[in-house]
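Remarks on the overall topology
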Amino acid sequence: MTANGWFQILFFFALILVCAKPLGVYMARVFEREHTWADIIFRPMERLVYRLTRIDETHEMAWTEYAVVMLLFSLVSMLATYAIERLQQWLPLNPQHLASVAPDLALNTAASFTTNTNWQSYVPETTMSYLTQMLTLAYHNFFSAAVGMALAVTLIRGISRRESKTLGNFWVDATRASLWVLLPGCLIYALLLVSQGVVQNFRPYDQAKLTQAQTVTVAGFDGKTTTQTQTTQSIAQGPVASQEAIKMLGTNGGGFFNTNSAHPFENPTPLSNLMQMFSIFLIPAGLTVTLGRMTRAPKHGWAVFAAMAALFFVGIFVAYYAEAQTNPLLHSVDQHVSTLQAGGNMEGKEVRFGIANSALFATVTTDASCGAVNAMHDSFMPLGGLVPMVNIMLGEVIFGGVGAGLYGMLIFVVLAVFIAGLMVGRTPEYLGKKIESYDVKMAMLYVLIFPLSILGFSAVSLMMPQLGLSSLANTGPHGLSEILYAYTSATGNNGSAFAGLNANTHWYNLSLAAAMLIGRFLMIIPMLAIAGSLAKKKLVPPSPGTFPVHTPLFTVLLVGVVLIVGALTFFPAISLGPILEHLMMHAGISF
């Protein structure tokens, strides 16, 4: 670890801290339908959308109606995405004449982008046409993020409203999230990315002549390998900047290219790298301020922000420390910092980003449910790879995905308040609302669905060698980590991978699709039920036994609940994966 590395990490977080409040206040005004500077541009567009779709913007929905409408919208858009993928070869904007996507892979991809996961079991530049990338994948990047924001605002309304049976209008919330927040942000962001060298065109791929012929081994469909001599290289390109902007700002993460944000056409410079990390955290951090403003408890919003920040710094410290260490198994290689090399574990990393920015990117992208990568997590040291895995296992609540991170953290807030109430022997209260048995049951249902999906699918894959183990590139604890990470990433709607697992098989495509749908929609239902329950409650005046939710003590309790409920659930599994791998590595044992 170096002073320069820590300066870059602290500078990044300072940018987030400075921008969180103005953006959070702006979003609160947008969703409370107060006047903003952007109304003159987007209000006429909003009215036109409602007129064309015959939406009554004054209609308020109960939580059950809100849930049904959201599920139907997601289902229809998912089916449309599947259809376009299957018809791709007959549709326009396909200059490479790519074939239609296979049925199981198309289903996996449709589920992935609908749920804001962006897990990719394919090589994008050789599988998806320009039309598919823009019309389906980039579309979902916008609307899956907008749905997440709408759901977070719905839970905030449930907390702030009193004796109300309604929580707002799904169509209005999603429309305002798209028009007022995501669209203007992406227009500016895409231009900034182009200025850094991110490509944006519709040209067919270029063929570059190699200065030296290369011999490669190619595996055929029958499993037999042949040796070929390559004299040219295909240079993939396309409408990248526009998709890159919403990929990051909407915490989606699906790359236009297979190497994602390690590709120079997606992430060419250290400045573009900083912009991408900044945009991942920007909206989730701002939503904590939105929480404080809409509930008229700004200090509570900052207390939630502080809990997220504390967990973030723990993660980045461990990841940076682990990756800055030398690999004890490589005795004959100089791995120390010098004027000629970065030192530490540079395996799987881009030299233009180095150790600090690779560790920071991995921490940020898994704190938020983004999943974009600028280094290969599979090549991290065992404890370095443990951090991204644990970040997701905590429930993607360390700032988290756009909207999803905040409502996930608020579930833990409900549990923390309940535990605090048990400690003092009084009925727990949260911002003037009594937390009752129904609320705690729904919160626990939300919390239990997550590990059930991850551990259940991982166990089945491990017990069925022909389905689960045949796709592994590694044995031992690292192989376990690859499977465990895959289902953790899918259920957590993150989308990053350990990369040593061939997930483009019938079993993994279908099981990961199921995990993604469970992790998104089955967890949303109990969250909306809590929102509906809280909205109906009366406000009760604070008493001497009321636990304040804006103090450092509350922040410490919230962090403790997240760690105990989240991390300890998975401790036996990670003990057999990255922790065992770390111990074996220092014992001189490889596998």
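Scroll up for the structure.
Keep in mind it's a predicted model, so treat the numbers as computed, not measured.

A few words now on the overall build of the protein. Helices and strands together make up the secondary structure of the protein, namely 17 helices and four strands. Expected size for 591 residues packed as a compact globule is a radius of gyration near 25 Å; at 24 Å, the protein falls within 12% of this value. On the principal axes, the C-alpha backbone points of the protein span a range of 75 × 60 × 50 Å. For the protein, the proportion of its 591 residues judged to be buried stands at 57%. Sequence-distant contacts in the protein: of pairs separated by 6 or more residues, those separated by 24 or more amount to 78%. With the model as given, the accessible surface of the protein reaches about 23900 Å², and the carbon-plus-sulfur share is 67%. The average position of the 30 basic charges and that of the 29 acidic charges among the side chains of the protein differ by 12 Å.

A few words on the state of the cysteines. Applying the stated criterion across every chain, the model contains zero disulfides. Cysteine cysteine 186 is unpaired, with the sulfur of cysteine 370 as its nearest cysteine sulfur at 12 Å. Here cysteine 186 falls in the buried class, since its relative accessible area comes to 6%.

To continue, consider a nonpolar patch on the surface. Side chains of Val460, Leu462, Met463, Met464, Leu467 and Leu469 sit close together on the surface and give an oily, nonpolar patch of about 480 Å² of accessible area. The partly exposed category is assigned to methionine 464, whose relative accessible area is 33%.

So, on to the nonpolar core. Among the nonpolar cores identified, the biggest contains 146 residues, and Ile283, Phe312 and Phe399 are the most heavily contacted of them. Sequence-distant contacts of isoleucine 283, defined by excluding residues within four places in its chain, comprise Leu23, Met27, Met149, Val181, Leu182, Leu249 and Val402. Formed by 16 residues, the second largest nonpolar core is a distinct cluster that contains Met78, Ala111, Phe457 and Ala490.

Here the focus is the pattern of salt bridges. Any two side chains of opposite charge can pair if their charged atoms end up close together. Scanning the entire structure with this criterion turns up 17 salt bridges. Taking the shortest distance from any N to any O, the salt bridge between glutamate 323 and lysine 349 comes out at 2.6 Å. With glutamate 323 in helix H10 (residues 298–324) and lysine 349 in the loop between H10 and helix H11 (354–367), the pair connects residues that are 26 residues apart, well separated along the chain. No difference in accessibility class separates glutamate 323 from lysine 349, as the two residues are buried. Here the salt bridges share partners, and the residues they tie into one network are Arg33, Arg43, Glu46, Glu57 and Arg176.

Looking now at H11. For H11, which comprises 14 residues, the first-to-last C-alpha distance of 20 Å matches the rise-based estimate of 20 Å (1.5 Å per residue) to within 8%. Of all 14 residues in H11, 14 are buried; the element is thus mostly enclosed.

Time to look at the environment of asparagine 374. Following the sequence through the fold, asparagine 374 ends up in the loop between H11 and helix H12 (382–393). Along the chain, asparagine 374 and isoleucine 518 lie 144 residues apart, while their C-alpha atoms are 28 Å from each other. Here asparagine 273 takes part through its side chain, which lies 3.0 Å from a polar atom of the side chain of asparagine 374.

About the cut-offs
Per chain, residue numbering runs from 1 following the sequence as it is written. Only residues with pLDDT of at least 70 are given local features in this predicted model, and only at 80 or more are side-chain atom pairs given and counted; all residues enter the totals for whole chains, interfaces and linings. Hydrogen atoms and water are omitted, and side-chain values are computed over all heavy atoms in the structure. Helix numbering and strand numbering both begin at the N terminus, where a helix is a DSSP run of H or I of at least 4 residues and a strand a DSSP run of E of at least 2. Each radius of gyration reported is based on C-alpha atoms, and the globular scaling rule is 2.2 Å times the count of residues to the power 0.38. Type-normalised accessible area, obtained with a 1.4 Å probe on protein chains alone, sets the label of each residue: buried when under 20%, exposed when over 50%, and partly exposed for intermediate values. Whether two residues touch is decided by their heavy atoms; if any such pair falls within 4.5 Å, the residues are in contact. Where accessible areas are quoted, they stem from the Shrake-Rupley method and a 1.4 Å probe; at the residue level, only the protein chains shown are allowed to cover. Positive charges come from Lys and Arg, negative ones from Asp and Glu, while His and the chain ends are left out of the count. Taken as the charge location is NZ of Lys, CZ of Arg, CG of Asp or CD of Glu. Note on terminology: pairs of cysteine sulfur atoms within 2.5 Å are recorded as disulfides. The residues that make up patches have over 30% relative accessible area and no salt bridge, and they are joined within 9 Å when like-charged or within 5 Å when they are Val, Leu, Ile, Met, Phe, Trp or Tyr. When a carboxyl oxygen of Asp or Glu is within 4 Å of a side-chain nitrogen of Lys or Arg, the pair counts as a salt bridge. Only buried residues count toward a nonpolar core. Its members are Ala, Val, Leu, Ile, Met, Phe, Trp, Tyr and Cys residues joined through side-chain atoms within 4.5 Å. Every helix has an expected span of 1.5 Å times one less than the residues it contains. We call two N or O atoms a polar contact when they sit within 3.5 Å, provided that within protein one can donate a hydrogen and the other can accept it, with sequence-adjacent residues counted only if both atoms are side-chain atoms.

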